[in-house]
Amino acid sequence: MPKREHWSNKFAFVMATGGAAIGLGSIWRFPYVCGENGGAAFLLAYLFCVIVIASPILIGEITLGKTARRGSGGAFRLMALSYKKFWNIVGIFAVILGFLIMTYYSIIAGWTLEYLYQSITGGLTSLDASQAEGFWQSFMLNEPRQIFWHLVFTLIVVAVIFTGLRAGIEKLSEILMPLLFLILIGLVIFALNLEADLSAAPRALTYLFTPDWSKFTSESFFMALGQATFSLSLAMGTMTAYGSYLDDDVNNVPMLGGIVIAMDTIVAILSALIIFPIIFTYGLNPEAGTGLIFVTLPALLAKIPAGLVIAPIFYALLFFAALASAISLLEPAVTHLVDEHHWQRQRAAVLVGITSILLGALWIITNSLESKSLFLNIDRFCSDILVPVSTLATTIYLGWFSSVLDNYKFGRLLVKYLCPIGIGWILIRGLL
Ligand code: PHE
């Protein structure tokens, strides 16, 4: 059998895994969920969930892959202390879940491509608020166009995976991640210095860093936990697959995991530092929700001359972040087919890619059917039920049915007791 691929070095692993974590979840979703749940209070809850609940699971998953030298399905089976067949299914379930999420993640990523294209070719300039809304609405009804971008995006993802772990995923992440940080910092400086209203920046900072507990509910806590596990790409085969490509002599997984977590968290905070000052400058409500980036923001950017440059940069940022994450949503399936069924990486990439393109197209076609929207239903079904189920199963496995975390006593304790309670609670709420 050919030797298993592995990352060139720790830097490559950190960039690729950072790319997996940093995505639409951190840049698009975090700011609006934070805005809807009281700003600083939500940020604190988020930090708590990341550090206490998500990070031991992340370290556990990476260690699991590394120790077993297999992707999720095989690793769960090989490292299980008992019930190997059952845990094998749990591992495969995570891989399928990641794949399923990719089928609609790529649709949203396709929207960022449309906006990137429009902002470069001038289609977004001089839109007022209602025109921006109109533009969005008509794009949502334009199925062929959405399918086109979904197709383009997925093809790029497949091309990278096809090229290989080192030549594709690793090289791309090593370029994209530093670039992404540069863009983010540039945009934060821009947003904090908007001249239209100089009081906006301090207000945004206060909003983000001074907790107002009156807005914080138990619901906010669950949102924070869900956001933390999604943002760190847990329970979808991603961390296990990426960990499985670590070299044997790497012995500081908790530290590498810590760096990835820090990167992801910093990106989420920086994204909020871009969005909130803009919102406050133009007197909008931070609770603007999902439409923020595709409706509110284009209208705001159209008002300022710098918007001509800022808009394409911002959508390029979203695209880069989505790209590295999408790769990490499909790679576990490819890793699985290679590890367990001895397929060639290229063949696996093509098959998985085509299936994802077809399913995504189906979600787009049904999206305009309002009540029958498979797109919204699949999203809700995944995030409310399947993701918590997979995360809960992963935690129970790491805490009780495998010994991969034995050398990491504190993490093991959390994974055994606290994580299952927190995540089980989310699941029950999702089911009710
Ligand atoms: N963490 C990514 C984001 O924040 C999404 C993702 C989830 C990627 C799970 C891989 C696996 O957008």
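Everything below is about the structure shown above.
Please read these numbers as outputs of a predicted model, since none were measured by experiment.

A closer look at the site of the ligand
Near the ligand there are 15 residues, and of these Ala21, Gly25, Tyr105, Phe230 and Ser233 occur at the shortest range. Note that a nitrogen atom of the ligand is positioned 3.4 Å from one of the backbone N or O atoms of Ala20. At 3.0 Å, a side-chain N or O of Ser233 approaches a nitrogen atom of the ligand. Coverage of the ligand by the protein amounts to 100% of the 320 Å² it exposes when considered alone. Residue assignment for the shell around the ligand shows that the elements contributing at least two residues are helix 1 (10-21), helix 2 (24-36), helix 10 (218-231) and helix 14 (307-341). By residue class, the composition of the shell around the ligand is seven nonpolar, eight polar and no charged.

A closer look at the side chain of Gln118
Along the chain, the position of Gln118 falls in helix 5 (residues 84-121). Judged by its relative accessible area of 12%, Gln118 falls in the buried class. Excluding anything up to four places from it in sequence, Gln118 contacts Gly123, Leu124, Phe135 and Arg145.

Here's the deal with the nonpolar core
Counting residues in each nonpolar core, the largest one holds 163 residues, and the members touching the most others are Trp7, Phe153 and Tyr315. Ranked by the residues each element gives to this core, the list is headed by helix 14, at 20 residues.

A word on unusual backbone geometry
With glycine set apart, most residues show a phi of negative sign, and most peptide bonds adopt trans. Positive phi values are uncommon outside glycine, yet Ser233 reaches one of about 55°. Within the secondary structure, Ser233 sits in the loop between helix 10 and helix 11 (238-244). Residue Ser233 is classed as buried on the basis of its relative accessible area, which comes to 9%. Unlike most non-glycine residues, Ala235 shows phi in positive territory, near 60°. Assignment of secondary structure puts Ala235 in the loop between helix 10 and helix 11.

Description of the packing of helix 6 (residues 129-141) against helix 7 (residues 143-163)
Packing of helix 6 against helix 7 brings their axes to within 5 Å, and their N-to-C directions diverge by 80°. Taken together, the axis directions place helix 6 and helix 7 in an arrangement best described as roughly perpendicular. Where helix 6 abuts helix 7, its residues Phe139, Met140 and Leu141 lie against Glu143, Arg145, Gln146 and Trp149. A breakdown of the residues in the contact of helix 6 with helix 7 according to their chemical character gives four nonpolar, one polar and two charged.

Points about the pattern of salt bridges
Scanning the entire structure with this criterion turns up nine salt bridges. Two residues, Arg345 and Glu5, come together in a salt bridge whose shortest N-O distance is 3.0 Å. Of this pair, Arg345 sits in helix 15 (residues 345-367) while Glu5 sits in the segment before helix 1, and the two are 340 residues apart along the sequence. Taking the relative accessible area as the measure of exposure, Glu5 reaches 33% and is therefore partly exposed.

Quick notes on the rules
- Residues numbered from 1 in each chain as written.
- Predicted model: local features only at pLDDT ≥ 70, side-chain atom pairs only at ≥ 80, totals over all residues.
- Heavy atoms only, no water.
- Near = heavy atom within 4 Å.
- Polar contact = N/O pair within 3.5 Å; in protein donor to acceptor, adjacent residues only side chain to side chain.
- Areas by Shrake-Rupley, 256 points an atom, 1.4 Å probe, with all protein chains shown as cover.
- Helix = DSSP H or I, 4+ residues; strand = E, 2+ residues; numbered from the N terminus.
- Nonpolar A, V, L, I, M, F, W, Y, C, P; charged D, E, K, R; others polar.
- Buried < 20%, exposed > 50% of the residue type's maximum accessible area, 1.4 Å probe, protein only.
- Contact = heavy atoms within 4.5 Å.
- Core = buried A, V, L, I, M, F, W, Y, C linked by side-chain atoms within 4.5 Å.
- Axes fitted to C-alpha atoms, helices over the stretch in contact; angles between N-to-C directions.
- Parallel < 35°, antiparallel > 145°, perpendicular 65-115°, else oblique.
- Salt bridge = Lys/Arg side-chain N within 4 Å of Asp/Glu carboxyl O.

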